[in-house]
Structure formats: structure tokens, C-alpha cells
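These are the residues of each chain, in order.
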Amino acid sequence: MKCPYCSAADTKVIDSRPADDNSSIRRRRQCESCGRRFTTYEKLETMPLMVIKKDRSREMFDRAKLEAGIVRSCHKRPVSTEQIGAIADEIENRIYGMEQREIPTSEIGEIVMERLKSLDEVAYVRFASVYREFKDVNTFMEELGKLLKER
């Protein structure tokens, strides 16, 4: 592992343990040259997952896009970055757990909405408004009505 501070190639592992989500390994490392410490995470490389977009084109699953959508929905809401990371981990694990090589964005969107609904209703409505492409106020109000009935 190359040191991120001095770029030396020799580092040693000081400590290894499962990460919080138990799907990766957290390693504390120390550079042999400069002595600085840093943390790395090892994750099992899985089969590539392709996402089928609305226009039927395909692209590789990108966790960063998933997190960005959740972050935008939770903007100025009482949702911590740890909660966002945990939700992204949960959704990613669930998607990979399906053991499919391709998954439509519609399935991913439904999973995200399901998780956001239990986390923060405003974030849920924000995500749903973009994901479901509400055409007018009436469709928006219908979705709010469904949410209120579920309470």
C-alpha cells in the first residue's frame, strides 16, 4: 500500500478489524518511511453491477451517485452524514444481495424511497418528487396524501 503522505511503497499493518457494516475490513497502517498513520478499507470485489436507466442505456452502478441523491434529499434536514452513509451501505448491500448483473434504476429508486420514508418524511417527498417526476401540484398532493394516510 502506497503512503498517501510521502508516496513511499512500504507500509505495515498495525491493526485489522471488521468495519462497522461488517462488509469490509478496516486496517490501520503506518508508513515505514515517514512514520505517519492512515486507515484503509478493504471490500470484497463483487461482480460488476449494471444499472438500466430510464432510456434503456446501461452504466456501472455508482455508489457516489446513490449517496449524492440521498444527500440532496436530506439537505437542511436533521440527518447526519453517518445516517446517510449507513443508508447507502444498506441499500448497496441489498442491491448486491439480489445477485443480479443488471438492475433498473426504478428498483433502486423504490428501495431508496422505502428507506427515506422511515428516516425523514421531507427527504422522502423530495426524493419522490424528482424520482417520480411529478408533473403538477395535484400529483405532488396525491403523494403527500398517501404519506399522511400511512401515519
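Structure first, text after, so check above.
As the structure is a computational prediction, the values presented were derived from the model and not from experiment.

1. Some remarks on helix H3 (residues 105–119)
So, point 1. Between its first and last C-alpha, H3 extends 21 Å over 15 residues, near the 21 Å set by a 1.5 Å rise per residue.
So, point 2. Listed as buried for H3 are Ile 108, Gly 109, Ile 111, Val 112, Met 113, Arg 115 and Leu 116.

2. Some words on the packing of helix H1 (residues 63–73) against H3
So, point 1. Where H1 contacts H3, the two axes come as close as 12 Å, and the packing angle between them is 40°. The orientation of H1 relative to H3 falls into the category oblique. As for the relative orientation of H1 and H3, their crossing is right-handed in sense. Residue-level contacts link Leu 66, Ile 70 and Ser 73 of H1 to Ile 108, Val 112 and Leu 116 of H3.
So, point 2. For the contact of H1 with H3, the per-class residue count stands at five nonpolar, one polar and no charged.

3. Examining the environment of Val 112
So, point 1. Mapped onto the elements of the fold, Val 112 is located in helix H3.
So, point 2. Residue Val 112 is classed as buried on the basis of its relative accessible area of 2%.
So, point 3. Separated by 19 residues in sequence, Val 112 and Tyr 131 have C-alpha atoms that sit 10.0 Å apart.
So, point 4. Residues within four places of Val 112 in sequence aside, it is in contact with Leu 66, Ile 70, Ile 91 and Phe 127.

4. Side note on the sheet that holds strand E6 (residues 102–104)
So, point 1. Taken together, the three strands give an open sheet; going across it, the order is E5-E4-E6, and neighbouring strands pair in mixed fashion. Each edge of the open sheet carries a strand with a single partner, namely strand E5 (58–60) and E6. Looking at each pair of strands side by side, their axes are set apart by 35° on average, direction ignored.
So, point 2. Note that strand E4 (residues 50–52) and E6 share three bridges and pair parallel. Across the sheet, the residue bridging to Val 51 is Ile 103, located in E6.
So, point 3. Of the strands in this sheet, E4 and E6 touch H3, which is tilted by about 65° from E6.

Criteria and cut-off values
Residues numbered from 1 in each chain as written. Predicted model: local features only at pLDDT ≥ 70, side-chain atom pairs only at ≥ 80, totals over all residues. Heavy atoms only, no water. Helix = DSSP H or I, 4+ residues; strand = E, 2+ residues; numbered from the N terminus. Expected span 1.5 Å × (residues − 1). Buried < 20%, exposed > 50% of the residue type's maximum accessible area, 1.4 Å probe, protein only. Axes fitted to C-alpha atoms, helices over the stretch in contact; angles between N-to-C directions. Parallel < 35°, antiparallel > 145°, perpendicular 65-115°, else oblique. Left-handed = near helix turned anticlockwise from the far one by under 90°. Contact = heavy atoms within 4.5 Å. Nonpolar A, V, L, I, M, F, W, Y, C, P; charged D, E, K, R; others polar. Pairing = 2+ DSSP bridges.

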